[in-house]
Amino acid sequence: MKKFIAIILIVAIAVGTVFAGGSKEEAADDGKITLNLYWWGNQIRNDVTQKAVELYMEQNPNIVIRTEFADWSGYWDRLSATAAGGNMPDIVQMDYSYLNQYQQNGLLADLTPFIEDGTIDVTNVPESIIASGSVDGRCYALSLGSNAPVMVYDPAITEAAGVTIPDQLTFDQLYEIGETIYEKTGVRTYFDGGINMMQILARSYGSHIFDELAAGDETTMLKHWTNVKRFNDSEASISPDLLSEKNPDIVETKPIVDGTTWNDFSYSNQFIAIVNAAGRPLAMSMYPMPDDAVEQPMFLKPSQFFSIAETSAHKEEAAKFLDWFTNSVECNEILMAERGIPISTAVAEAIMPLVDENTQAIFEYIDAVGAIATPIDAPDPAGKGEIEAIGKTTAEDVRYNTYTPEEATADYVSRAHSILQSQ
Amino acid sequence: MINTVIYHIVTAVFALVMLYPLIWMVLGSFKDSNQILRDAASLFPDTFILDNYATGWRGFAGFTFGTFFKNSFIIAGISTIGAVISSAIVAYGFARCEFRLKGFWFGCMLVAMMLPFQMIMIPQYILFNKMGLVGSFLPIILPQWFGQGFFIFLNVQFIKGIPIELDDAATIDGCSIYGIFPRIILPLIKPSLVTSAIFSFMWRWDDFMAPLIYLNNPATYPVSYALKMFSDPTAGSDWGAMFAMATLSLIPIFIIFLTMQKYLVEGIASTGIKG
Amino acid sequence: MSDKKKKGPQRTVILRKREMTLAQKMNTQAVAGYVFVALFIIGFLSFMIIPMAMSFGFAFTRYNILSAPRFIGLENFKEMFTNDPVFWQSFKATMYYVVFSVPMRLIMALVIALLLVRKSKASGVYRALFYLPSIVGSSVAVAILWRRMFASDGVINSMLQAVGINCEIAWLGRTDTAIWTLIILAVWQFGSSMLIFLAGLKQIPVSLYEVADVEGANPFTRFFKITLPMLTPTIFFNLINQLINGFMAFTQSYIITQGRPRNSTLFYTVYMYQNSFTYNKMGYGCAMAWFMIVIVGALTLILFKSQNKWVYYES
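Values in this document were obtained by computation on a predicted structure and should not be read as measured data.

Outline the overall build of chain B, supporting the account with residue identities and numerical values.
Each helix and strand in chain B was counted, giving 15 helices and 0 strands. Projected onto the principal axes, the alpha-carbon positions of chain B cover approximately 70 × 65 × 30 Å. When each of the 275 residues of chain B is scored for burial, the buried share is 57%. Considering only contacts within chain B whose residues lie at least 6 apart along the sequence, 74% involve residues at least 24 apart.

Describe the sheet that holds strand 10 (residues 263-267) of chain A, listing the residues and the values that go with them.
Residues and elements named next belong to chain A. Strand order across the open sheet formed by 4 strands is 9-11-8-10, with mixed pairing between neighbours. Two strands in the sheet have a free side with no partner beyond their single neighbour: strand 9 (168-170) and strand 10. The average undirected angle you get between the axes of adjacent strands in this sheet is 40°. Across 5 bridges, strand 8 (residues 149-153) lies against strand 10 in antiparallel orientation. Note on strand 10: the bridge partner recorded for valine 150 is serine 266.

Lay out the interface of chain B and chain C in plain terms, naming residues and giving numbers.
You'll often see interface size given as the accessible area lost when the parts meet. Taken together, the contact between chain B and chain C spans 87 residues of the former and 87 residues of the latter. For the side of chain B that touches chain C, the element with the highest residue contribution is helix 14 (residues 239-265) of chain B, accounting for 13 residues. In terms of residue class, the side of chain B that touches chain C is made up of 62 nonpolar, 17 polar and 8 charged.

Hey, could you go over the interface of chain A and chain C for me, with residue numbers and the actual values?
If you look at the interface, chain A gives 23 residues, while chain C gives 18 residues. Only helix 3 (72-85), helix 4 (96-104), helix 12 (240-246) and helix 18 (384-399) of chain A provide two or more residues apiece to the side of chain A that touches chain C. For the side of chain A that touches chain C, the element with the most residues is helix 18 of chain A, which contributes 6 residues.

Account for helix 4 (residues 65-96) of chain B, with residues named and values stated.
Side chains three or four residues apart in an α-helix point the same way, a direct result of the helix having 3.6 residues per turn. For helix 4 of chain B, with 32 residues, the first-to-last C-alpha span of 45 Å sits near the 46 Å given by 1.5 Å per residue. The element helix 4 of chain B is largely enclosed, with a buried count of 26 among its 32 residues.

Explain the domain arrangement of chain B to me, and be specific about the residues and the numbers.
Residues and elements named next belong to chain B. We note that the domain assignment places domain 1 (1-49) and domain 2 (62-271) within chain B. For domain 1 and domain 2, the distance between their C-alpha centres works out to 31 Å. For the side of domain 1 that touches domain 2, the secondary structure elements donating two or more residues are helix 1 (2-28) and helix 2 (33-38).

Conventions adopted
- Residues numbered from 1 in each chain as written.
- Chains lettered and ligands numbered in written order.
- Predicted model: local features only at pLDDT ≥ 70, side-chain atom pairs only at ≥ 80, totals over all residues.
- Helix = DSSP H or I, 4+ residues; strand = E, 2+ residues; numbered from the N terminus.
- Buried ≥ 20, exposed ≤ 12 C-beta atoms within 10 Å, placed from the backbone.
- Contact = placed C-beta atoms within 7 Å.
- Pairing = 2+ DSSP bridges.
- Axes fitted to C-alpha atoms, helices over the stretch in contact; angles between N-to-C directions.
- Nonpolar A, V, L, I, M, F, W, Y, C, P; charged D, E, K, R; others polar.
- Expected span 1.5 Å × (residues − 1).
- Domains from an automatic or database assignment.

What follows is the structure, encoded as structure tokens:
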């Protein structure tokens with residue numbers, strides 16, 4: 001019994017400490033403004049962002065920035081919980097696919113006034129980049145870096161097969177090159193059956209995938225599933241079960257990493273991660289397009305944004321921080337383009353000579369895409385997550401020969417259509 | 001004699017097969033990140049490196065794994081003490097007393113066990129937020145102090161296995177219901193208390209969902225949650241560091257298990273009670 | 001619960017003893033029961049009942065977490081049962097997983113527990129070794145590990161090749177084998193059930209075995225006449241618990257296979273989670289959750305009702 005009482009006492013003391021630990025935050029910083037900053041990322045991003053934040057607090061002694069970070073999927077779970085609880089952090093990292101939902105539900109502050117009065121200086125930022133974070137002409141999210149769809153390939157393998165990869169392939173070229181490479185080296189080809197390829201395909205004909213799906217239009221989708229089928233049936237392509245085993249959705253398990261395939265599809269900000277995982281030099285080419293394309297489908301996409309919560313009590317101070325994050329060379333020397341190529345051309349120029357060769361390759365790639373890019377599609381509709389997931393299983397259905405391209409098209413379009421209708 | 005030898009050989013070989021994946025994981029923590037993913041079949045590192053442990057321990061944004069381990073110990077430790085004590089008390093009520101609505105409350109407990117945490121996470125967040133507890137350990141620890149379905153149920157089953165004659169004898173000796181619990185029952189359900197403690201500690205140690213939702217300061221993150229942050233589907237992951245820290249994070253649960261499991265050996269069998 | 005039989009006499013006891021002192025009243029089961037269970041009831045009422053009621057209410061709404069829920073009646077259930085092929089795929093995958101993993105895991109746990117119950121220095125070590133796989137839980141590290149083990153160039157295939165089976169199966173890439181990698185993972189982590197069986201075995205009074213020895217019972221009689229009946233409360237507990245756990249299994253599917261290929265490993269809870277958080281259909285997710293509770297609850301109730309047929313309680 002004595003032991004029991006002793007344990008209870010220890011616990012009581014421990015609980016007391018926890019309480020004390022939990023409630024000490026605000027008391028100390030009298031007269032200072034506290035901003036909460038929340039992002040997702042890995043070790044490198046967490047470290048550099050924290051360093052930048054510390055520099056900012058040093059330069060602005062009246063501001064205290066409390067940082068929070070999480071992994072990608074946890075980030076969105078918690079952010080929705082805070083939104084439901086009415087205590088969203090002041091500054092949140094935002095993704096293109098979530099922008100619409102958070103904006104539509106009135107959770108994001110309108111940044112346009114801060115841009116107009118110069119609190120956020122955008123003189124060196126291309127208009128299209130501000131537009132990419134805008135809904136109905138008002139800016140709700142400030143891009144942190146530019147990104148573009150990319151086909152990554154292994155130059156050692158293409159060289160060994162005696163082929164050269166131009167800046168941008170057509171589907172037919174990709175098909176033929178794939179066959180040649182398989183013949184010469186035994187390495188297989190991967191063809192992206194996912195939402196990015198659908199987007200690119202629709203854009204090649206001057207259309208937008210979500211417009212088509214919302215209208216129940218099957219034109220692009222039929223072409224897409226026919227392509228998926230065509231590549232899947234090629235001897236040179238990776239087999240569906242091996243593809244499913246490798247799982248190209250995760251950087252480190254992409255089939256290019258262990259040399260099962262010579263190419264893969266991704267976004268340019270993943271290039272470094274893919275190269276690191278593969279442990280050998282890789283190169284970039286633009287997404288392929290159909291031979292009868294009427295328009296250049298390539299586009300620049302914000303890798304991620306910072307947004308300010310509508311519930312924030314310190315929007316002005318938060319906007320000042322965003323300005324600094326965007327325009328300060330000093331800040332970006334710490335960040336080193338980890339979130340993508342800085343959107344301020346002045347900052348990008350200043351950083352360029354400092355970064356490693358892989359990041360430089362991305363700089364060059366983004367430059368090349370920027371020169372030919374057409375404007376990005378409107379922010380994804382709320383049903384995108386589910387439509388993308390159904391797309392993945394439909395791609396498997398085509399690859400495992402459960403569906404003909406026609407069946408896949410009919411099924412996919414009708415399901416996507418009803419999802420978009422119900423939003 | 002031959003029986004014993006066969007017993008040991010069979011068990012040992014089987015144990016080794018069981019352990020292969022684990023050994024792979026531990027050795028993986030000494031491999032180069034790339035080797036972990038590319039050479040699936042090789043067990044031993046090409047070159048034996050300790051870098052993963054150094055990089056991993058460094059943690060995130062200036063908070064090392066020292067901080068995360070400390071937080072995990074506080075969360076798992078206090079939760080476990082609470083869950084074990086409260087669940088035993090509640091279990092005694094369910095197992096030995098007849099009272100109104102008993103079936104109803106027991107049913108509530110079972111339903112609560114069947115509802116995935118993700119489905120009540122949002123409402124519970126709103127609730128704790130209204131109470132002003134978000135940001136502290138309390139939303140994670142506090143519910144553990146009011147009995148956990150799994151452990152209540154486990155203890156109920158064990159208490160029901162104790163002969164009722166023992167209670168009757170104690171009552172005749174003038175012991176009240178409240179006296180029977182600590183004097184007769186508690187010593188006899190040691191195996192289930194120990195089992196509860198092992199599980200509770202492990203589950204709180206591994207749980208990242210509650211910390212993810214309720215904690216908002218990296219200084220308070222536990223190991224389970226911090227481990228997730230080595231991987232980012234878009235920006236790339238450091239598997240080596242994650243394997244290293246995942247390996248380290250197994251040590252405390254394993255030590256708890258080792259120290260606790262010896263109490264499992266002495267059950268009712270060694271307390272000398274004749275049924 | 002077996003309180004029905006006893007309700008009658010219990011009430012009369014209360015009536016007859018109206019004149020009892022407070023101390024005496026406190027010592028009746030009716031009061032003491034509530035005193036002991038109070039902790040649970042308080043906790044349930046303060047932390048659980050509101051969130052549970054809310055999630056039940058959400059089941060009848062369209063709710064995206066970010067804005068207020070909108071009542072839509074039984075629409076979610078209608079959609080679930082009539083218009084959502086993925087719902088049924090996930091239901092089937094989970095059923096398959098439960099039907100195979102639960103019995104296999106329990107039998108494995110029981111057999112090993114019986115092997116390890118004997119008192120020897122080594123059995124402590126073995127217990128630890130067999131329990132080790134369970135402590136790794138289902139972290140991301142396990143996900144990688146499992147994917148690599150069952151890779152087409154992984155150790156499982158190498159082992160099969162070593163014994164002469166020329167096997168190049170992509171275990172994770174086939175709809176008929178992928179789910180088995182998850183079942184094997186569940187069976188591999190039988191440690192927690194084993195521990196509970198061990199605790200149960202330790203609770204069997206030695207005296208029973210002593211009596212059996214005097215009567216000259218052989219090991220089989222000992223096992224079937226003493227060990228097994230005495231262990232039924234533990235078996236019952238493990239069965240209920242594994243059943244609930246089986247249906248609630250989440251992480252394995254979520255981090256190892258993400259439902260691939262073709263939703264053959266998409267667990268019910270994963271699809272529920274995706275709906276709630278990824279697809280912003282919290283209302284639909286809640287409807288799924290409560291449908292699962294009905295199914296698991298019914299199964300649990302049947303098992304509870306069957307108790308007096310096969311579970312042996314001392315008291």
